[in-house]
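A structural walkthrough
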Amino acid sequence: MTLDQLITFLWVSRLGGVRRAAQEMNISQPAVSGRIAALEQSLGLQLFERAQRGVTLTKKGVLLRDYVEKIVDLVEGIKADVVPPEAEDSLLRIGVAETIVQLWLPNFLSALYEAYPRIRVEIVVDVSVNLRQQLMERSLDLALMMGPISDHTVDNVDLPPVALTWFRPANRPEPDLRSTPVVSYNRNSRPYRDLRRQLIDRYGHSTQMFPTSSIHAGLEMVASGIGVGLFPHQFADQLVRQGRILPFDPGWKLDDLRFTASFLGDPRNELCARAADIAVASASNYLSE
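Worth saying up front: this structure is predicted, and the values here are computed from it rather than measured.

The rules behind each value
- Residues numbered from 1 in each chain as written.
- Predicted model: local features only at pLDDT ≥ 70, side-chain atom pairs only at ≥ 80, totals over all residues.
- Heavy atoms only, no water.
- Axes fitted to C-alpha atoms, helices over the stretch in contact; angles between N-to-C directions.
- Helix = DSSP H or I, 4+ residues; strand = E, 2+ residues; numbered from the N terminus.
- Parallel < 35°, antiparallel > 145°, perpendicular 65-115°, else oblique.
- Left-handed = near helix turned anticlockwise from the far one by under 90°.
- Contact = heavy atoms within 4.5 Å.
- Nonpolar A, V, L, I, M, F, W, Y, C, P; charged D, E, K, R; others polar.
- Pairing = 2+ DSSP bridges.

Quick notes on the packing of helix α1 (residues 3-15) against helix α2 (residues 18-25)
At a minimum axis distance of 8 Å, the contact between α1 and α2 shows a crossing angle of 125°. Between α1 and α2, the crossing angle belongs to the class labelled oblique. The element α1 and its partner α2 pack so that their crossing is right-handed. When α1 is examined against α2, the residues Ile-7, Thr-8, Trp-11, Val-12 and Leu-15 are found in contact with a partner set consisting of Arg-20, Ala-21, Glu-24 and Met-25. Grouping the constituent residues of the contact of α1 with α2 by class yields six nonpolar, one polar and two charged.

Set out below in structure tokens:
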């Protein structure tokens, strides 16, 4: 048996089929099937029960999976402790929420490349609900998003929270939130849902909400007099200095935004784990400035 055969066996057992394992490993389905057949032949036993909808482990397959998981953990430990970071040349697929993109993503990428100069990075920017789905489907390796993800296969590393501030047009009087439109995060985001619930609970259904997928566009809407908005103050500093918007206090606001660096911990990927630690340090340094 070979390590490639064992790792392929683990992916097929976890994903429940040859096709999905082939997609995850970026190899052909015949290659996956060939490795599994060679492994079964070398062991002299059947590892999977085949069915139309996929495969399930036999009793011997379940026993082998326990051993292979230990082997994969040892391999990841070797990568972490023995292989120098400058020799790591893996592809790291990172999903990022827009708030992080506009705040400290450049700092994170700079620190990541300093630690791992040979890695290749692909960035996907999307709302957190979509990033969660892509991570669970294994089309992402690491998600910097509003979290955490409540799934036993996912490791969540807490990132520094981001505080929110109310802003209004500078040339308008103090607004009444019962009648003033509120510009908000994307409709599919947690801040939008939380803000909508607060507005309904406090003022009834009369308040209008204008969701936007761009925080900068939302602040420009506030500056143009369309309404008020609740956003991280870091995005608004320039507009405040220009005298176009002002912070105000209606007596309440949402809790700080909680972000996590989330990655699949089963099987564990040490590069993702270390990248998550770099994200924490980068965010902490940026937000403390």
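Let us keep going from here.
A few points about the sheet that holds strand β7 (residues 164-169)
Pairing in this open sheet of five strands is mixed, and the strands run β9-β8-β10-β7-β11 from one edge to the other. Across the chains shown, the open sheet's two edge strands, defined by having one partner strand only, are β9 (209-211) and β11 (245-247). Each adjacent strand pair in this sheet contributes to an overall mean axis angle of 35°, direction not counted. The sheet contact formed by strand β8 (residues 182-184) and β9 spans three bridges and is parallel. Opposite Val-183, over in β9, you have Phe-210 as the bridge partner.

Remember, this is a structural readout, not a statement about activity or role.
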